[in-house]
Amino acid sequence: MYADPVRRYMLPVFSDRRTDWPSHPYATRDSLHEHDMWVAEGLTHRYPTKVLAELLPTCPQYCGHCTRMDLVGNDVPQVEKLKFHVPQKDRHGQILDYLRRSPSVRDVVVSGGDVANMPWPRLEDFLTRLLEIENIRDIRLATKALIGHGLGAAGVVEAVDNRAEVYVDGGVRRGVDVVKALAMGARAVLIGRPQLWGLTLGGEDGVVKMLAMLRAELELAMALCGADAVAKIDRALLAP
Ligand code: SF4
């Protein structure tokens, strides 16, 4: 378990630290300057058509790759963290008000912290009100915890109830991950890290090889499940 790369990623421990590697000289606590671009507390509007809505400042796992470490989690002895001051319900209302007044915005990344820490009825309420805003066409739930903790996309698919397509972006590392996401009702998956690993190790050929491996694994997983077409991957494949 200690050597497991998923454990390293999701549950870093002190002994994982490489104190011989210095921090990047330009590293800052809010490396993407999201706080500087808040138009309402927790709402970053950087691009004309797209915003980031940070619904809460907590995460169920605290992985080792957080670009929001300035906001996420409690103060530590060395650092006092950025805090939300507006009560959560009012803050979410202010975010929605801004989006109603901003017709150029069509794409909302709903994040945190991690939305997996948000009680489901409260998240559902926020998403329902978001879906009612005419200009909002894409809503992305940014969570590593659903994948990290195996909670899956099935609940999300059920909640949106065909009002939106659900894509799983994150944690897809093997063909069987694709089968699981599709079986839970996702329309497709997106692949981030594996292509960067392929690129790092073998350039363009590395990415092509990674895709070929993923496809072969997907075909094998489908064959083992008895599905001879992607359209035949459904919830019946999941354990009850
Ligand atoms: S919010 Fe996301 S990136 Fe930050 S610690 Fe949690 S899982 Fe990691």
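Our subject is the structure listed above.
So, how was this worked out
Residues numbered from 1 in each chain as written. Predicted model: local features only at pLDDT ≥ 70, side-chain atom pairs only at ≥ 80, totals over all residues. Near = placed C-beta within 6 Å. Nonpolar A, V, L, I, M, F, W, Y, C, P; charged D, E, K, R; others polar. Pairing = 2+ DSSP bridges. Helix = DSSP H or I, 4+ residues; strand = E, 2+ residues; numbered from the N terminus. Axes fitted to C-alpha atoms, helices over the stretch in contact; angles between N-to-C directions. Contact = placed C-beta atoms within 7 Å. Buried ≥ 20, exposed ≤ 12 C-beta atoms within 10 Å, placed from the backbone.

Participant: Quick one: what's the story with the site of the ligand, residue by residue and with numbers?
Facilitator: The environment of the ligand is formed by 13 residues, the closest being C59, C63, C66, D114 and K144. For the shell around the ligand, the residue count by class is 6 nonpolar, 4 polar and 3 charged.

Participant: Talk me through the sheet that holds strand β1 (residues 38-40); I want residue IDs and the actual numbers.
Facilitator: Sheet architecture is open: 5 strands sit in the order β1-β2-β3-β4-β5, paired in mixed fashion. One side of each edge strand has no neighbouring strand; the edge strands of this open sheet are β1 and β5 (138-141). With strand direction ignored, the average angle separating the axes of adjacent strands in the sheet is 25°. Summarising the sheet, strand β4 (residues 107-111) and β5 pair through 4 bridges and their orientation is parallel. Paired with V110 across the bridge in β5 is L141. Set on the sheet, helix α2 (residues 88-100) makes contact with β1, β2 (43-47), β3 (50-54) and β4; between it and β1 the angle comes to about 100°.

Participant: Hey, could you go over unusual backbone geometry for me, with residue numbers and the actual values?
Facilitator: Backbone geometry places H33, a non-glycine residue, at a positive phi of 55°. When you line up the elements, H33 lands in the loop between α1 (5-10) and β1. A count of 10 C-beta atoms within 10 Å places H33 in the exposed class. If you check the backbone angles, Y62 has positive phi at about 55° while not being a glycine. On the neighbour-count criterion, Y62 (16 C-beta atoms within 10 Å) is partly exposed.

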